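Geometric and topological summary
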Amino acid sequence: HNKKSRESSYRFFDSEMDKEIKWRNFIIYNLDNAIENGHIIPFYQPQVLAINNEIYGFEALTRWIDPQRGMLLPGDFIPILEEYNITYKLDKYIANMVAKDMLKIIEEGREPLPVSVNISRSDFLMSNPCDDLISIVEEYELPRELFKVEITESNIISDPYRMKKEIEKFRSEGFQVLMDDFGSGQSSLGTLRDFEFDAIKIDMGFMKNFDERSKSIIKPIVMMARSLGIHSLTEGVENKEQLDFLREIGCEFIQGYYYGKPAPFESLYKEGRGVGKLVINEAVKNR
Ligand code: C2E
Ligand code: MG
Ligand code: MG
Ligand code: MG
């Protein structure tokens, strides 16, 4: 390296770091404002029963719609919120928005479907997500079966004692718990051994690399779930070939672009489709 190239690479590095710091500051200092101004909303992605294409429920996935920057995805801001232990603000707010949406459905005389919300490990450090959820369902007078909680396998592994206690609390209070991203981290079998869940969500990575190796791994996972008496859901299903395989091996639930991308609440209502017991159709798929 001569002096010149070193200088220019430093400058490049600086500007990249600059951008990162600016982004971080934007997220941290604007979270409260964005929540207050309604710029953060849940999108909903259907979770479908594999055997009959019926929508069983939804996962709430956060979208931050910034007037200047457009739509921000969780990957753009959740890692930063996690670093600063402020995900609890977001997660509490999202659960609240989901409850409001459910209430709208009930007021229209429709039957709301269960929604699972994502919880970060850092929520537990600054708040009590289970108590938060209890006060939300009580405020809106909603049955607890309507709310499920998703916690990633890696979050669980990073603080197993604490997380075991928290998971047990959710379940004893009547909220189902789903282990998210199962198979993406280490010691998956250990978590199955030591933690009690209502369902596992098989990590999307197996669909991204949908080859014989992945199939050989998913099949026994689904069988294990069944013999443990817990539900299985595969994420990231994008095509019929994947769906057919998952049906064949008896995976109960499917989530992925094949059935529908995450979409805003209003679009679930379009054309009178509503959020009752509806069956996925082409229109829904193409959202
Ligand atoms: P996740 O909980 O595992 O959610 C699944 C992610 O996969 C979502 O990304 C979803 O949009 C995407 N996805 C679903 N089906 C397909 C598909 O067929 N193909 C592809 N390529 N992707 C698919 P998203 O919405 O960007 O969220 C990313 C992650 O951010 C989530 O992963 C979850 O861990 C986290 N997250 C999202 N919303 C929240 C939230 O409100 N609170 C917390 N704490 N975490 C959240
Ligand atoms: Mg999830
Ligand atoms: Mg996942
Ligand atoms: Mg994930």
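So, a few notes on the structure that sits alongside this text. Residue indices follow the written sequence of each chain, beginning from 1 at its first position. Written order determines the labels here, with chains lettered from A and ligands numbered from 1. Owing to the predicted nature of the model, reporting of local features is limited to residues with pLDDT of at least 70; listing and counting of side-chain atom pairs is limited to 80 or more, with chain, interface and lining totals taken over all residues. Side-chain descriptors were evaluated using all non-hydrogen atoms of the structure, hydrogens and water having been removed beforehand.

1. Description of the packing of aromatic side chains
The aromatic pairing rule takes the rings of Phe, Tyr and Trp, using the six-membered ring of Trp, and pairs them if the centres are within 6.5 Å, calling planes under 30 degrees apart stacked, those over 60 edge-to-face and the rest tilted. Applying the stated criterion to the full structure yields 11 aromatic pairs. A ring pair is formed by Tyr56 and Phe253, whose centres lie 4.7 Å apart and whose planes are at 45°; its orientation type is tilted. Here Tyr56 is found in strand β2 (residues 55–66), whereas its partner Phe253 is found in strand β9 (residues 253–255), with 197 residues between them in sequence. For Phe253, a relative accessible area of 8% gives the class buried. When the centroid spacing of 6.3 Å and the interplanar angle of 80° are considered together, the rings of Phe170 and Phe175 count as edge-to-face. Taken individually, Phe170 and Phe175 each receive the classification buried, so the pair is uniform in this respect. Secondary structure elements follow DSSP: runs of H or I no shorter than four residues count as helices, runs of E no shorter than two count as strands, and numbering proceeds from the N terminus. Burial here depends on accessible area, computed with a 1.4 Å probe over protein chains only, as a share of the maximum for the residue type. Under 20% is buried, over 50% is exposed, and the range in between is partly exposed.

2. A short note on the environment of Asp131
Relative to the helices and strands, Asp131 resides in helix α5 (residues 129–140). Between the C-alpha atoms of Asp131 and Glu173, which are 42 residues apart in sequence, the distance is 9.3 Å. Of the polar contacts made by the side chain of Asp131, one reaches the side chain of Asn128; its length is 3.0 Å. At a separation of 2.7 Å, a polar atom in the side chain of Asp131 contacts the side chain of Lys169. Polar contact is the term for a pair of N or O atoms within 3.5 Å; when the atoms are in protein, one must be able to donate a hydrogen and the other to accept it, and sequence-neighboring residues count only if both atoms are side-chain atoms.

3. What about the site of ligand 1?
To be near a molecule or strand, a residue needs just one of its heavy atoms within 4 Å of it. Neighbouring residues of ligand 1: 22 residues in total, closest Thr62, Asp91, Asp180, Glu238 and Tyr257. Contact between ligand 1 and Gln45: a nitrogen atom at 3.0 Å from a side-chain N or O atom of the residue. Between Glu59 and ligand 1, the recorded distance is 3.0 Å, taken from a side-chain N or O atom to an oxygen atom. At 4 residues, β2 tops the list of elements feeding residues into the shell around ligand 1. When residue character is reported, Ala, Val, Leu, Ile, Met, Phe, Trp, Tyr, Cys and Pro are called nonpolar, Asp, Glu, Lys and Arg charged, and the others, Gly included, polar. Looking at the shell around ligand 1, its residues break down into 8 nonpolar, 6 polar and 8 charged.

4. A closer look at the pairing of strand β8 (residues 231–235)
Within β8, 4 of the 5 residues are buried, which leaves the element mostly enclosed by the surrounding structure. The criterion for strand pairing is that DSSP finds at least two bridges linking the strands in question. Taken together, the 4 bridges between strand β7 (residues 199–202) and β8 define a ladder with parallel strand orientation. Note that in β8 the partner of Ala199 across the bridge is His231. Where β8 lies against β9, 3 bridges are found, and the strand directions are parallel. Within β9, the position partnered with Leu233 by the bridge is Phe253. Seen with its strands pointing away from the viewer, a crossover is right-handed when the path leading from the first strand over the helix to the second is clockwise. Since β8 and β9 lie parallel, the crossover through helix α11 (residues 240–248) that links them has a hand, and here it is right-handed.

5. Remarks on the coordination of the magnesium ion (ligand 3)
Looking at the metal site, the magnesium ion (ligand 3) is ligated by Asp180 (OD), Asp181 (OD), Glu235 (OE) and Glu235 (OE), spaced 2.0 to 2.7 Å from it. Counting residues between consecutive donors of the magnesium ion (ligand 3) along the chain gives the motif D-D-x53-E. Each metal site lists N, O and S donors within 2.8 Å (3.2 Å for Na, K and Ca). With water left out of the atoms, a site can look as if it is missing ligands. Between the two metals, the magnesium ion (ligand 3) and the magnesium ion (ligand 2), the spacing is 4.3 Å, and Asp180 donates to both.

6. Re the coordination of the magnesium ion (ligand 2)
Around the magnesium ion (ligand 2), the donor atoms from the protein are Glu59 (OE), Asn118 (OD1), Glu150 (OE) and Asp180 (OD), and they sit 1.9 to 2.3 Å away. Read in sequence order, the donor residues for the magnesium ion (ligand 2) give the motif E-x58-N-x31-E-x29-D. In this structure Glu150 comes out as buried when scored by relative accessible area, which is 1%.

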